[in-house]
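Structural characterization, general
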Amino acid sequence: MKFSIRLNILLVFIAVLFAACEKDNMDEIVIDEPDYQPEVNETNPLFLAMSANNPEGLELGCISILYPFDMALESGSTITINSEGEFTAAIDTTAMDPAVDFIYPLDILNGEGETAQVASIEELGLSFVACIPSNGWDYGSTAGNLIPAFSFTDLCFDLVYPVALEDLEGNTYTADSESELIDLSATVDDLYFTLPITVLNVDGSEIEIESYNGFFNLVESCDGMGVNPPVVVNGQFEVTGFGCWELQFPFTLELSDGTTTEVNTESEYATTILNAGEEFQLIYPFTLQSLLDDEELTVSNDDEFISALESCGIIIDIGGGGDCGSSEGHIILFFNEGSCYTVNYPAQVQAEGVTYTLNSIADYFDVFGMYATQVDAIETIYPISATNTETGTETILNNRDEICDYVNACFDDDNDFPGCDNPSDDDQTIHVPLFFSAYNFFSVFDCPFDFEYPVQIEVEGTTYDINNRDDYMAVVSPFSPGEATLIFPITVIEENGTTLTLNSNADVCSFISSCE
């Protein structure tokens with residue numbers, strides 16, 4: 001028993017002594033900081049975005065890096081790459097000496113199919129991030145607040161950083177610079193800008209893009225770009241926009257060289273628009289869907305197209321003289337009143353055996369509203385007269401052909417906006433030409449603009465906030481245009497981002513007349 005106690009005491013003494021020695025030894029160790037910066041080899045993040053679908057080279061977005069090319073290895077030596085297999089082996093991070101970057105300059109095939117050179121990793125990244133995404137536009141359009149991410153190099157406006165982004169799984173990111181956007185685009189699949197984002201316009205002003213449609217509204221302001229495919233009517237004049245209808249996929253475009261291409265998705269059409277430089281027009285047949293009741297309509301010729309526009313109460317800009325198409329005489333006459341003439345009231349129309357006496361344009365719109373879906377039911381009672389507002393000459397019109405010739409003569413004199421010869425604040429229909437001339441509508445004149453929403457319209461004592469074209473159609477369509485009143489002031493945003501406040505009908509007409 002005593003032996004056992006002595007042994008335990010001895011073991012404790014030895015343990016304490018050993019610990020003290022260990023501590024003394026550790027106190028004597030001094031670690032010197034190195035007097036040099038260790039070399040760090042960072043792997044080019046663009047490696048992750050490359051694919052091998054092109055036998056001539058590696059694909060990086062819309063560009064290809066052409067074989068052969070040289071790469072720098074981690075050790076500082078180089079290797080020549082002639083194929084996909086050699087590239088894959090070179091960038092294998094488990095290899096003894098993996099590749100970390102290219103040797104510049106590199107020969108590339110750009111998005112236009114032209115051979116070019118990039119002199120640095122920065123130039124390669126800029127070429128990559130400038131590629132317009134070929135996918136994701138359908139998802140962005142449905143979401144309404146997302147745009148596939150890319151630099152706006154070929155557009156007429158530039159990104160202002162920082163920008164918020166997200167992927168399809170809802171993960172969020174922030175790019176504080178173009179280089180960070182390049183890195184994210186290379187390493188994250190299906191990357192989207194989260195709206196709103198701010199861009200710098202060509203005039204130096206900053207514009208906030210709040211929606212998917214707002215992005216394309218701004219794109220339309222860039223030279224050579226159009227969002228709505230034009231339809232050439234009667235072989236004479238282009239109609240751009242569909243009024244209260246929306247174009248449905250698929251549809252066919254005729255390109256400037258006479259070839260045709262079928263567009264099946266939002267992504268296909270977005271890339272067609274954004275890859276500027278190609279002129280195109282919509283060709284028959286195509287399908288439209290009503291924004292009012294979701295009715296679908298197949299349009300096979302000019303007459304059916306014009307009839308569809310007329311059903312929306314579209315202003316018929318005849319332009320350039322000649323045939324008036326299938327437009328009803330009353331639409332040609334009353335919708336174009338103010339271009340250089342006024343109708344002499346009272347006038348009369350009849351529909352389904354009922355005669356209506358018109359004492360103003362508002363009375364006409366009241367009747368038109370009752371038959372907006374069957375405008376051919378309204379017939380003008382002749383003779384009817386109009387007075388030229390410049391010369392004071394009165395003209396008696398006895399049939400539709402005479403109306404067509406008379407109105408065409410006005411457009412030949414470059415007077416092409418109805419209702420603005422002698423604007424009166426009593427005219428409650430000024431909202432019709434104004435809204436139908438804004439973005440995404442049937443443009444009556446060549447001056448794209450949009451509204452600073454909300455815009456307010458009063459109908460039968462109730463005030464409605466209008467935040468987009470759907471709101472406008474939903475509020476106004478159940479009534480005749482004369483029952484809806486535009487509430488001033490309103491602010492319009494011109495294509496260069498300039499804002500202008502309109503306080504009256506006269507201001508509206510002044511704004512329109514100043515547009516070229």
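Remember, predicted model here, so these are calculated numbers, not experimental data. (Residues numbered from 1 in each chain as written. Predicted model: local features only at pLDDT ≥ 70, side-chain atom pairs only at ≥ 80, totals over all residues. Heavy atoms only, no water.)

1. Quick look at the sheet that holds strand 8 (residues 115-118)
Paired through their backbone hydrogen bonds, the strands of a sheet run either parallel or antiparallel. Within the open sheet, the five strands sit side by side as 1-2-3-7-8. Their pairing is antiparallel. What marks the edges here is a single partner per strand, and that holds for strand 1 (50-54) and strand 8. Strand-to-strand twist across the sheet, computed as the mean angle between neighbouring axes with direction ignored, equals 40°. Across four bridges, strand 7 (residues 106-109) lies against strand 8 in antiparallel orientation. For aspartate 107, the partnering residue across the bridge sits in strand 8 and is glutamine 117. (Pairing = 2+ DSSP bridges. Helix = DSSP H or I, 4+ residues; strand = E, 2+ residues; numbered from the N terminus. Axes fitted to C-alpha atoms, helices over the stretch in contact; angles between N-to-C directions.)

2. Observations concerning unusual backbone geometry
For the peptide bond that leads from tyrosine 284 to proline 285, omega is -10°, which places it in the cis range. Summarising the element assignment, proline 285 is placed in the loop between strand 21 (280-283) and strand 22 (286-290). In the segment running from tyrosine 382 into proline 383, the intervening peptide bond is cis, with an omega of -5°. For glutamate 352, which is not glycine, the phi torsion reads 50° and is therefore positive. Here glutamate 352 is to be found in the loop between strand 25 (347-351) and strand 26 (354-358). Phi is positive for glutamate 460, close to 50°, though the residue is something other than glycine.

3. Quick word on the environment of phenylalanine 102
With respect to the element layout, phenylalanine 102 can be found in strand 6 (residues 99-102). For phenylalanine 102, a relative accessible area of 3% corresponds to the buried category. For phenylalanine 102 and aspartate 70, which are 32 residues apart along the polypeptide, the C-alpha to C-alpha distance reads 6.1 Å. Excluding residues that lie within four positions of it along the chain, phenylalanine 102 makes contacts with Asn44, Phe47, Met50, Ile65, Phe69, Asp70, Met71, Ala72, Phe87 and Leu124. (Buried < 20%, exposed > 50% of the residue type's maximum accessible area, 1.4 Å probe, protein only. Contact = heavy atoms within 4.5 Å.)

4. Things to note about the environment of asparagine 44
Inspection of the secondary structure assignment puts asparagine 44 in the loop between helix 1 (2-27) and strand 1. By relative accessible area, asparagine 44 is classed as buried at 2%. Setting aside chain neighbours within four positions, we find asparagine 44 in contact with Val100, Asp101, Phe102, Tyr104 and Ile121. At 3.5 Å, the side chain of asparagine 44 and the side chain of tyrosine 104 are in polar contact. (Polar contact = N/O pair within 3.5 Å; in protein donor to acceptor, adjacent residues only side chain to side chain.)

5. Quick look at the sheet that holds strand 34 (residues 490-494)
Taken together, the three strands give an open sheet; going across it, the order is 30-34-35, and neighbouring strands pair in antiparallel fashion. This sheet does not close on itself; its edge strands, each paired only once, are strand 30 (449-451) and strand 35 (499-502). Pairs of neighbouring strands in the sheet enclose a mean axial angle of 30°, with direction left out of account. For strand 34 and strand 35, the ladder comprises four bridges, and the chain directions are antiparallel. The residue of strand 35 that forms the bridge with threonine 491 is threonine 501.

6. Observations regarding the packing of aromatic side chains
This structure, assessed with the given rule, holds 28 aromatic pairs. With a centroid separation of 5.4 Å and 90° between ring planes, the pair formed by phenylalanine 47 and phenylalanine 102 is classed as edge-to-face. Within this pair, whereas phenylalanine 47 is found in the loop between helix 1 and strand 1, its partner phenylalanine 102 is found in strand 6, the two being separated by 55 residues in sequence. By the burial criterion, phenylalanine 47 is buried, and phenylalanine 102 matches it. An aromatic cluster of three or more residues is present, and its members are Trp137, Phe150, Phe152, Phe157, Phe193, Tyr212, Phe215 and Phe216. (Phe/Tyr/Trp six-rings, centres within 6.5 Å; stacked < 30°, edge-to-face > 60°.)

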